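# Results of the structural survey
Next come the chains, spelled out residue by residue.
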Amino acid sequence: RAHIHSCWDAGVGTGVTRAGRERLGVVARAPRFALAHKFPAEEATTTLLDIEVQVGRTGAITPVARLKPVFVGGVTVTNATLHNEDEIRRKDVRIGDTVIVRRAGDVIPEVVGAVLEKRPADAREFVMPKACPVCGSAIERLEDETIARCTGGLFCAAQRKQTLWHAASRKALDIEGLGEKLVEQLVDSGGVKTLADLFSLRPLELVGLDRMGQKSADNLVEAIDKARAPALGRLLFALGIRHVGETTARDVARHFGTIEAIMDADEDALSSVPDVGPVVAGSIRRFFAEQHNRDVIDQLKAQGVQPVAEAVPEDTTLAGKTFVLTGTLPNWTREEASMRIQAAGGKVSGSVSKKTAYLVAGEDAGSKLTKAQELGVTVLDEDGLKELLGSS
């Protein structure tokens, strides 16, 4: 399918020598001294029987074409992705159409478009469902996004594994020993369906799972028990609310003080939190507008999970200052540096912008350092950060 004209050895192809190849170099994905020619992808026509939607592990709703079986590119194709609602409109594909199908890159089946002259009178336009086909939660699509998403979060079975793994992560509930593979086993076995179910696990239920002996089971239950009193910001972050990162979760937690106050806050109240705009406020409000998400909070409480109010920093040395960390610091881990900055009232962001006050750069600093220099952001090393914090 592909004819490659390359010059890995002198005298082959265009005859570029090894030294010549080194001078020509490579770009991001290919060498400058090689050229690939591909035949056009094989195409076939078939009937689009229906358009259904699939729910991804992050809640993304993807329309999928159900096709009358057709042989194309060496395989029989019955399904093909349609990407998103806008793509369906752009291609003007309707249920009942005769459509052109190909395998993109000779791998992924896709619908190229409709054969309009063969469109039947009863062809139907696709309408994005209002509710998730897996859990029944509302499907939302923000104005500036192409992807529609299920708002089920904690409740949606399609998102369950990813949500639980996120909740157990170090920056959330920090449940040591609860990794991705173990989460998959717990969900697949039916033992864990919601975040609250984690806190009901007992060693006897865990022993017998792959690579889970008695000691490992005891250690995991102990780690879960330690997570029953998380900082409120950590719990809020663990819920996996769209657009709510670690820093935003902590800021919201400090502002409202309790999970109940956050759950009952309207968008105006949420927007009053510094650095929380209408997108984030709307996302939090919609999350807690779903009764099943509120039910999970009640179930967590019933399992003895009692979040602790976020302490407001007494040290305000860095109040209002936003920091970005990059590279490897000689003595502090990034997490330790972040904690010290936050303890002094500062904020830590993952990306450099005009609002960044300081970039803390360690060894092997990359593109963030370049961007900070372009924007005129003050760059510090670890010693400079320590001096700013008044620590040694």
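Residues numbered from 1 in each chain as written. Predicted model: local features only at pLDDT ≥ 70, side-chain atom pairs only at ≥ 80, totals over all residues. Heavy atoms only, no water.

Glancing now at the environment of Asn331. Position of Asn331 relative to the elements: it lies in the loop between strand E10 (322-326) and helix H14 (334-343). Residue classification places Asn331 among the exposed residues on the basis of a relative accessible area of 56%. C-alpha separation for the pair Asn331 and Asp383, spaced 52 residues apart in sequence, amounts to 9.8 Å. Once residues lying within four places of it in the same chain are set aside, the contact partners of Asn331 are Glu336, Glu382 and Lys386. (Helix = DSSP H or I, 4+ residues; strand = E, 2+ residues; numbered from the N terminus. Buried < 20%, exposed > 50% of the residue type's maximum accessible area, 1.4 Å probe, protein only. Contact = heavy atoms within 4.5 Å.)

Within the secondary structure, Glu145 sits in the loop between strand E8 (139-140) and strand E9 (148-150). Of the polar contacts made by the side chain of Glu145, one reaches the side chain of Arg242; its length is 2.7 Å. Leave out the neighbours within four places in its chain, and Glu145 touches Arg242 and His243. (Polar contact = N/O pair within 3.5 Å; in protein donor to acceptor, adjacent residues only side chain to side chain.)

Next up on the list: the confidence of the model for the protein chain. Averaged over every residue, the pLDDT of the protein chain is 87; the share at 70 or more is 92%. Taking the mean pLDDT of every element in the protein chain, the minimum, 44, falls on strand E1 (residues 2-5) and the maximum, 96, on helix H10 (residues 259-264). (pLDDT = per-residue confidence, 0-100.)

What follows concerns unusual backbone geometry. Phi at Asp92 is positive, roughly 55°, even though this residue is not glycine. Considering the arrangement of structural elements, one finds Asp92 in the loop between helix H2 (85-91) and strand E6 (98-104). Looking at Asp92, the relative accessible area reads 29%, which means it is partly exposed. At Asp174, a position not held by glycine, the phi torsion is positive, near 55°. Here Asp174 lies in the loop between helix H3 (160-168) and helix H4 (180-188). What makes Asp174 partly exposed here is its relative accessible area of 41%.

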